[in-house]
Amino acid sequence: MSWPDLSNDVSKLIYDKLHHRLDRIRFSFVCKRWNTIHRELNTRPFLMYYSSSSTDHHFTFRGPPLDRTFSRKIRVSADVIASKQGWLLIKDRENPLLYCCNPFTCNQINLPKFDPGVNPNAVFTAPPSSRDCVLFVVGSTDVGSEFVTINFIRCGDPYFSWKIFRVRNISDAVSCKGLAYHEGKLYCFFDSGKLGIWKLINNDWTVVASPLKPIPQTAARMTTTSRIMTMVRSLGIQYDYLPPGPFKEYHMMNCEGDILVLCTSKGFVPFSIFELDTKKMDWVNVTNLKHRAIFFNAGRNRCSSIAIRADKLSLRNKIFYFYEHVGSYIWIYDLETRSHRLSDSYPDKLEDLQVWIDPI
C-alpha cells in the first residue's frame, strides 16, 4: 500500500502530527487528495488564550487540525505583538526585550536588546526561521509629532536599524495603528486614516489615502445591532448598547495582497471594513468579504488580527471576533445574512487574554 492509498482518517492523523509549516506543505504535494486535506484542515487560525493573573505560565492553544487543544509554557509577563506562520513575536513587560517563539516546535529565537516602547506594532516579511526574514517594529509616537520611526532588523543582524519618515498633511498627533507587508512594500496605517507606504527597493516613502468615516446607521444596520443585543442579553450578559461614534479601534490586515482595515467605534457593532484601492490609492468600503474571513479581538491585542483566504463555506465572508463586554466567547458575524451567532469552532469559554495565530 502506498501513502496516497491511506484512508482520510489515517491521513488526517498523520497531518495532525506535523507541526512545521514546511512539513505540511510537503504533505500537500504527495497527491491531490492530500492537498485537499491540507486545505481543509489548515484554514482556521489557532487561538491562544490565557489569564493575565495566571501563575502557572501556561498558555492554551486551540485550532486545526481536528480542533486539537494543547498547552505551552511561555512567560506570562509578556505580550504577543505579531505572528507569522506559527511564530510569535513576544515583548517582555519587565525588560526591553523582544524574542520569537514557536509554540508548535518549542523553538525560540532571541533578538538584540531593543525597547519597542508602549503598544508597538510589528510585522514579519517571512517566518523568523527564514533567511529572508525582516522584522519591522513601530512604537508609540510622541504627541504632536509629525514623524514616524520605523525600526527593522534582518536575519543575522547584530542590532536594530531605523528610518525616520515625515507623515505629511496631518495636523493632529501621529499614531501608528497597524503594519502590513506585501511584495517589498511596508504599509503603515495611522489613526487619521492616512497610509504611509515605504518601498524598500528604492527607499521611497509616500503618504496616501483619505480619512476613514463611519458608515451611516441605516435601518438594516440598526436592526442587526438590535438582534445581537437581544442575543447577548439572553445569555445573561449585561451590556448597554452605545450608539456608534467616531472610530476608536483599527485592525489592519493583509490578505494575500489585499490591504484591509476593520474599524469599530464605542458602540462596537456593526463593523466597518475598508479595503485599499491600489489604483486610486484610497479606501473603499467593503460590504462583502467574498472568499475571505477575518479574525480579530475588539479591545484586545489588535496586533493579532488576521484576514485569511477562506476556501470553506463555513468561513467565507464571515468575521470571527472576541469582545470582552459581550461574554467570554468567540462570536461570528455573517456579512451575507447580517447575523451574529456563537462559534462552534471555538466553543470554550475563554480566559482573560486572546491572540490569533495565523495558520501554519
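Because the structure is predicted, anything quoted here is derived from the model rather than measured.

1. Description of the pattern of salt bridges
- The tally for this structure, following the rule as stated, stands at four salt bridges.
- Note that Arg292 is salt-bridged to Glu275, the shortest N-O span being 3.4 Å. Note that Arg292 is positioned in strand S20 (residues 292–298) and Glu275 in strand S18 (residues 272–277), a separation of 17 residues in sequence.
- Residue class for Arg292 comes out buried when judged on its relative accessible area of 5%.
- Its salt-bridge partner being Lys318, residue Asp334 comes within 3.6 Å of it at the nearest N-O pair. Here Lys318 lies in strand S22 (residues 318–323) and Asp334 lies in strand S23 (residues 330–334), a separation of 16 residues in the sequence.
- Owing to a relative accessible area of 9%, Lys318 belongs among the buried residues under this scheme.
- Within the structure, one salt-bridge network assembled from shared partners comprises Asp258, Glu275 and Arg292.

2. A look at the side chain of Asn102
- Examined against the element boundaries, Asn102 turns out to sit in strand S6 (residues 98–102).
- The class for Asn102 is buried, based on a relative accessible area of 5%.
- If we ignore the near neighbours within four places in the chain, the residues touching Asn102 are Gly86, Trp87 and Asn107.

3. Let's talk about the sheet that holds strand S10 (residues 147–154)
- Taken together, four strands build an open sheet; the order of strands is S8-S9-S10-S11 and the sheet is antiparallel. The strands lining the two open edges of the sheet, one partner per strand, are strand S8 (121–124) and strand S11 (161–166). Strand-to-strand twist in this sheet, taken as the mean axis angle between neighbours without regard to direction, amounts to 20°.
- In this structure, S8 lies alongside strand S9 (residues 134–138), joined through four bridges in antiparallel fashion. Note on S9: the bridge partner recorded for Val123 is Phe136.

4. Considerations on the sheet that holds strand S13 (residues 185–190)
- Strand order in the open sheet formed by four strands is S12-S13-S14-S15, with antiparallel pairing between adjacent strands. What marks the edges here is a single partner per strand, and that holds for strand S12 (176–182) and strand S15 (204–208). For this sheet the average axis-to-axis angle between neighbouring strands, irrespective of direction, equals 20°.
- Inspection of the sheet shows S13 paired to strand S14 (residues 195–199) by five bridges, in the antiparallel sense. When the bridges of S14 are listed, Tyr187 appears paired with Ile197.

5. Quick word on a nonpolar patch on the surface
- Side chains of Phe147, Trp162 and Ile164 sit close together on the surface and give an oily, nonpolar patch of about 370 Å² of accessible area.
- Structurally, the position occupied by Trp162 is in strand S11.

6. Points about the pairing of S10
- Where S9 and S10 come together, four bridges link them in antiparallel fashion. If you follow Val134 over to S10, its bridge partner there is Arg154.
- Where S10 lies against S11, six bridges are found, and the strand directions are antiparallel. What sits directly across from Asn151, in S11, is Trp162.
- In this antiparallel pair of consecutive strands, S10 and S11, the connection spans six residues, and Gly156 shows a positive phi of 95°.

7. Regarding unusual backbone geometry
- In this model, Glu183 sits at a positive phi of 50°, which is unusual for a non-glycine residue.
- Locating Glu183 in the fold gives a position in the loop between S12 and S13.
- The exposure class assigned to Glu183 is exposed, which follows from its relative accessible area of 68%.
- Residue Lys290 is not a glycine yet carries a positive backbone phi of 60°.
- Tracing the sequence through the fold places Lys290 in the loop between strand S19 (282–286) and S20.
- The exposure class of Lys290 is exposed, given its relative accessible area of 57%.

8. Observations regarding the packing of aromatic side chains
- Counting across every chain of the model gives 13 aromatic pairs.
- Geometrically, the ring pair formed by Phe136 and Phe152 is tilted, given 6.2 Å between the ring centres and 40° between the ring planes. Placement of Phe136 in strand S9 and of Phe152 in strand S10 is noted, with a sequence separation of 16 residues between them.
- Using a relative accessible area of 1% as the deciding quantity, one classes Phe136 as buried.
- Overall, Phe152 belongs to the buried group, its relative accessible area being 8%.
- Among the aromatic residues, ring-to-ring pairing joins Phe136, Phe152, Phe165, Tyr181, Trp198 and Trp205 into one connected group.

9. Quick notes on the confidence of the model for the protein
- For the protein, per-residue confidence averages 76 on the pLDDT scale, and residues scoring 70 or more make up 69% of the total.
- Across the protein, the secondary-structure element scoring lowest on mean pLDDT is helix H4 (residues 219–234), at 54, and the one scoring highest is S9, at 93.
- Taken together, the stretch residues 237–243 has pLDDT below 50 and engages in 25 contacts with residues farther than four places along the chain or on a different chain.

Quick notes on the rules
- What you see as residue numbers is a count from 1 along each chain, following the sequence as written.
- For a predicted model such as this one, the threshold for reporting local features is a pLDDT of at least 70, and the threshold for listing and counting side-chain atom pairs is 80 or more; totals across whole chains, interfaces and linings nevertheless cover every residue.
- With hydrogens and water set aside, each side-chain value is computed from the structure's full complement of heavy atoms.
- Each salt bridge in this description consists of a side-chain nitrogen of Lys or Arg and a carboxyl oxygen of Asp or Glu lying within 4 Å of one another.
- Secondary structure elements are taken from DSSP: a helix is a run of H or I of four residues or more, a strand is a run of E of two residues or more, and numbering for both begins at the N terminus.
- Throughout, exposure labels follow a simple rule: accessible area from a 1.4 Å probe, protein chains only, divided by the maximum for the residue type, with under 20% read as buried, over 50% as exposed, and the rest as partly exposed.
- Contacts were defined at the residue level, with two residues in contact if any of their heavy atoms lie within 4.5 Å.
- Pairing between strands is defined by DSSP: at least two bridges between the two strands are required.
- Note on definitions: angles span 0 to 180 degrees between N-to-C directions of axes, and those axes are lines fitted to C-alpha atoms, for helices only across the stretch in contact.
- Excluding any residue in a salt bridge, patches collect residues exceeding 30% relative accessible area, merging like charges within 9 Å and nonpolar Val, Leu, Ile, Met, Phe, Trp and Tyr side chains within 5 Å.
- Here the Shrake-Rupley method, with its probe set to 1.4 Å, supplies the accessible areas, and only the displayed protein chains count as covering residues.
- A pair of aromatic rings is counted whenever rings of Phe, Tyr or Trp (Trp by its six-membered ring) have centres within 6.5 Å, and the orientation is called stacked for planes under 30 degrees apart, edge-to-face for over 60 and tilted otherwise.
- pLDDT gives the predictor's per-residue confidence on a scale running from 0 to 100.

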